[in-house]
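Given next are the chains, with one letter for each unit.
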Amino acid sequence: QVQLVESGGGLVQAGGSLRLSCAASGRTFSNYFMGWFRQAPGKEREFVARITWSGGSTVYADSVKGRFTISRENAKNTVYLQMNSLKSEDTAVYYCAARRIGTSEYDDWGQGTQVTVIS
């Protein structure tokens with residue numbers, strides 16, 4: 001059974017930093033994209049960033065480029081999202097997800113972790 005467990009959310013002042021973690025288990029993820037998404041109150045879920053588990057290739061949403069960094073630690077089966085220069089508009093529930101390379105849908109999702117940025 002695939003499990004994605006996020007952690008690291010919390011309350012932070014604008015301009016501060018947080019690092020989110022996503023611990024993955026239940027399968028081999030070498031042929032997967034690992035993504036971070038977020039959903040703010042009253043808004044649709046949006047893509048934040050993704051990384052390939054094997055090669056580390058990354059893609060970012062324009063809204064977070066230069067501020068957020070996605071990375072993975074293969075030995076720990078963990079994906080990270082380092083968030084710097086946080087803004088109030090980054091406030092959301094952040095979700096980790098997995099998508100097999102060659103498919104269009106993220107099939108596995110974590111439960112989410114709340115990030116609240118206060119100005």
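Here we summarise the structure given alongside this text. Keep in mind that what you see is a predicted model, and the values were worked out from it rather than measured.

Calculation notes
Residues numbered from 1 in each chain as written. Predicted model: local features only at pLDDT ≥ 70, side-chain atom pairs only at ≥ 80, totals over all residues. Heavy atoms only, no water. Pairing = 2+ DSSP bridges. Helix = DSSP H or I, 4+ residues; strand = E, 2+ residues; numbered from the N terminus. Core = buried A, V, L, I, M, F, W, Y, C linked by side-chain atoms within 4.5 Å. Buried < 20%, exposed > 50% of the residue type's maximum accessible area, 1.4 Å probe, protein only. Axes fitted to C-alpha atoms, helices over the stretch in contact; angles between N-to-C directions. Salt bridge = Lys/Arg side-chain N within 4 Å of Asp/Glu carboxyl O. Disulfide = S-S within 2.5 Å.

1. Section: the pairing of strand E3 (residues 18–25)
Bridging between strand E1 (residues 3–7) and E3 involves 5 bridges; their strand directions are antiparallel. For Leu 4, the partnering residue across the bridge sits in E3 and is Ala 24. As defined by bridge partners, E3 adjoins strand E8 (residues 78–83) across 6 bridges and the pair is classed as antiparallel. Opposite Leu 18, over in E8, you have Met 83 as the bridge partner.

2. Quick word on the nonpolar core
Formed by 30 residues in total, the largest nonpolar core has its most connected members in Met 34, Trp 36, Leu 81, Met 83 and Tyr 94. Mapped onto this core, the elements with two or more residues apiece are E3, strand E4 (32–39), strand E5 (46–52), strand E7 (68–73), E8, strand E9 (92–100) and strand E11 (113–118).

3. Overview of the sheet that holds E3
As summarised here, the arrangement of the 4 strands in space is E1-E3-E8-E7, forming an open sheet in which the pairing is antiparallel. Whereas interior strands pair on both sides, the edge strands pair on one side only; in this sheet they are E1 and E7. Averaged over neighbouring strand pairs, the angle between their axes works out to 15° when direction is ignored.

4. Digging into the pattern of salt bridges
Any two side chains of opposite charge can pair, given that their charged atoms come close. Using the criterion set out here, one finds 5 salt bridges in the structure. Of the charged contacts, one joins Asp 90 and Arg 38 as a salt bridge, the two residues approaching to 2.9 Å between their closest N and O atoms. One end of the pair, Asp 90, is in the loop between E8 and E9; the other, Arg 38, is in strand E4, and 52 residues separate them in sequence. With a relative accessible area of 0%, Asp 90 lands in the buried category. One network of salt bridges, with partners in common, ties together Arg 38, Glu 46, Arg 67 and Asp 90.

5. Some words on the state of the cysteines
Counting across every chain of the model gives 1 disulfide. One disulfide in the model links Cys 22 with Cys 96; its S-S distance is 2.0 Å. Where Cys 22 bonds to Cys 96 through sulfur, the torsion about that S-S bond is close to -75°, and the disulfide is left-handed. In this pair, Cys 22 sits in strand E3 while Cys 96 sits in strand E9, placing the two residues 74 residues apart along the sequence. Here the two residues Cys 22 and Cys 96 agree in accessibility, since each one is buried.

6. Observations concerning unusual backbone geometry
Trans is the prevailing form of peptide bonds, just as negative phi is the prevailing case for residues other than glycine. The phi dihedral of Asn 77 falls on the positive side, at around 50°, and the residue is not glycine. Asn 77 gets classed as partly exposed once you look at its relative accessible area, which sits at 25%. Here the phi dihedral of Ser 85 falls at roughly 50°; this positive angle occurs in a residue that is not glycine. Structurally, the position occupied by Ser 85 is in the loop between E8 and E9.

7. Describing the pairing of E9
The buried count for E9 comes to 7 of 9 residues, which makes it a mostly enclosed element. Across 8 bridges, the pairing between E4 and E9 is antiparallel. Its bridge partner lying in E9, Met 34 is registered against Ala 98. As defined by bridge partners, E9 adjoins E11 across 3 bridges and the pair is classed as antiparallel. From the neighbouring strand, Ala 92 faces E11, where its bridge partner is Val 115.

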